[in-house]
Amino acid sequence: MEKNVPRLTVSDFIALTNQTLEYAYPGVEVEGEVASFKVNQEKYVFFDIKDASGSVNCFMTVWQLRVPIENGMKVIITATPKLTQWGKFSLTVRAIRPSGEGSLKKSFELLREKLDKEGLFAVERKRALPGLPHHVAVISSVQAAGYADFVKILDDRWGGLQIDVASVQVQGAGAPDQMIQALKYFNSQESLPEVIVIIRGGGSADDLSAFNDELLVREIAASRIPTLVGVGHEVDVSLADMVADVRAATPSNAAQILVPDRSEVIRAVRRQVQSLLPRTEQAIDNKILGVRAQLSDVIVAIDRRHTRQQDQLDALRRVLAELDPRKVLTRGYALVRGQIAPGNIIEIEKSDIVITAEVQHARKK
Amino acid sequence: MPEKNSTSISEKTIKLNELVEWFDSDDFELEEALDKFAEAEKLASEIEADLLAMKNSITVVKKKFNEAE
């Protein structure tokens, strides 16, 4: 036996090797292409990860498989190297995610198709958001620019909201689980928020791939509370967007969808009050017109009455004029004044002359 | 309290809408209109002031979501 060289049993050697590997690689990410992908007993997943000059066996359980994987797909695995008891070297995979635009797109399409068949994206499932929420839950990273944009727009547009924020990773391997936990947390609160908003700013397809995680998408679909998801830029579409009750194009757009703009409300209120003034003025004008019309009627009535009375007066005047003794005199008659008795002096008035005469004789007719 | 403030705005908005409807209704009386108009103006000013004064209250949940359940 060589000096200082340990002699071990096979089992001890395997255990020591694994201990050494675990110490050297507590976790390692390996990027490569998937080959020989198979699922056994619907529980265990086996595949090789390879590049141009090497290949390593990989093992994982089905429930750790969060995105659809196919042979030829480029992936990044998070794994621990292990020597099995049969002396076979493999990577025990904790997480796997597509890498590169082509693989991300392929994985996205496969999962989209699967979930679509289950009806998760159906329009009938979509719920309306509350018209004006008071209690809002937000799932995002408080460090992220998208979150800052959301809060700024929200504060500009409206106030009085109670906003509970679950600060989580929004990219990387741990992001989906953290967002799932946050969703479960808000859905289990005694006082439920009225809406859950999930937001993240723009990033590469890989950065945003957390929002295409199958379990996260299912958790959003299962949320008791209506969901609003705004991830990335306008052109980015994630499965989380698609399953949400309402999709926002960006985090800023999520704030716009969530609450009205107070400036708009103030303008509308002002317009409402201003609209009362013309109505009142119109009513005053109508009233004036009405009073004028009434006044006009009164004047016409008075005028008519005046005319009638004037006519009556004129008629009386005419009668009076006819009765005027002077008019009778003009027709040749004379007015005699004095006691008619022989010898008396009387006065005889004609229309143009007054005669003083003595009565010589008077007899009854 | 944010909710109380919002409710108050909501109540004032309802009252304002009722006043506006009165101006369009058969109940409209010119003698009352000026008082009602003054009331509407006052409500609008209060709504505007309330809206501008409202602040959001943000609480970051203390729970760590990176820990296993």
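That block above? That's the structure.
Not measured: the values here are computed from a predicted model.

A. Molecular detail of the overall build of chain B. Looking only at helices and strands, chain B has two helices and one strand in total. Starting at the N terminus, the α and β elements of chain B follow one another as α-α-β. A burial count over chain B gives 13% of its 69 residues as buried.

B. Highlighting the interface of chain A and chain B. With 33 residues of chain A at the contact, the number on the chain B side is 29 residues. Every element with two or more residues in the side of chain A that touches chain B is listed here: helix 3 (145-157), strand 7 (162-167), helix 4 (175-187) and helix 8 (262-323) of chain A. For the side of chain A that touches chain B, the leading source of residues is helix 8 of chain A, giving 13 residues. Its residues assigned to classes, the side of chain A that touches chain B shows 17 nonpolar, ten polar and six charged.

C. Structural view of the sheet that holds strand 13 (residues 354-358) of chain A. Residue and element names in this part refer to chain A. Taking strand neighbours across the sheet as the criterion, the three strands line up as 11-12-13 in an open arrangement whose pairing is antiparallel. Of all strands in the sheet, those bounded by a partner on one side alone are strand 11 (335-337) and strand 13. Sheet twist, expressed as the average angle between the axes of neighbouring strands with direction ignored, equals 25°. Bridging between strand 11 and strand 12 (residues 345-349) involves three bridges; their strand directions are antiparallel. Note on strand 12: the bridge partner recorded for Leu335 is Glu349.

D. Up close: unusual backbone geometry. Residues and elements named next belong to chain A. Not every positive phi belongs to a glycine, and Ser36 is a case in point at roughly 50°. Inspection of the secondary structure puts Ser36 in strand 1 (residues 28-40). For Gln41, which is not glycine, the phi torsion reads 55° and is therefore positive.

E. Layout of the sheet that holds strand 5 (residues 89-98) of chain A. Residues and elements named next belong to chain A. The strand order 1-2-3-5-4 describes a closed barrel built from five strands, whose pairing is mixed. Going across the sheet, the axis of each strand differs from the next one's by a mean of 50°, ignoring polarity. Across seven bridges, strand 2 (residues 44-50) lies against strand 3 (residues 55-61) in antiparallel orientation. In the sheet register, Asp48 faces strand 3, and the bridge partner there is Asn57.

F. Representation of the pairing of strand 8 (residues 195-200) of chain A within the structure. Residue and element names in this part refer to chain A. Strand 8 sits mainly inside the fold: six of its six residues count as buried. Along strand 8, one buried face is formed by Val195, Val197 and Ile199 and the opposite face, lined by Ile196, Ile198 and Arg200, is buried too. With four bridges joining them, strand 6 (residues 135-140) and strand 8 adopt parallel strand pairing. Bridged to Ala137 within strand 8 is Ile196. As paired strands, strand 8 and strand 9 (residues 227-231) are joined by five bridges and run parallel to one another. By the bridge assignment, Ile198 is partnered in strand 9 with Val229. Running through helix 5 (residues 214-222), the crossover from strand 8 to the neighbouring parallel element strand 9 is right-handed.

Criteria and cut-off values
Residue numbers here run from 1 along each chain, matching the order of that chain's written sequence. Following the order in which they are written, the chains are lettered starting with A and the ligands numbered starting with 1. Only residues with pLDDT of at least 70 are given local features in this predicted model, and only at 80 or more are side-chain atom pairs given and counted; all residues enter the totals for whole chains, interfaces and linings. Helix numbering and strand numbering both begin at the N terminus, where a helix is a DSSP run of H or I of at least 4 residues and a strand a DSSP run of E of at least 2. Whether a residue is buried, exposed or partly exposed follows from its count of other C-beta atoms within 10 Å of its own C-beta, namely 20 or more, 12 or fewer, or something in between, respectively; the C-beta atoms are built from the backbone. Residues are treated as contacting if the C-beta atoms built from their backbones sit within 7 Å of each other. Note on residue categories: nonpolar means Ala, Val, Leu, Ile, Met, Phe, Trp, Tyr, Cys or Pro, charged means Asp, Glu, Lys or Arg, and polar means any other residue, Gly included. In this analysis, strands are considered paired if DSSP registers two or more bridges between them. Helix axes use the C-alpha atoms of the stretch in contact, all axes being lines fitted to C-alpha atoms, and the angles between their N-to-C directions lie in the range 0 to 180 degrees. We call a crossover right-handed when, viewed with the strands running away from us, the connection from the first strand over the helix to the second turns clockwise.

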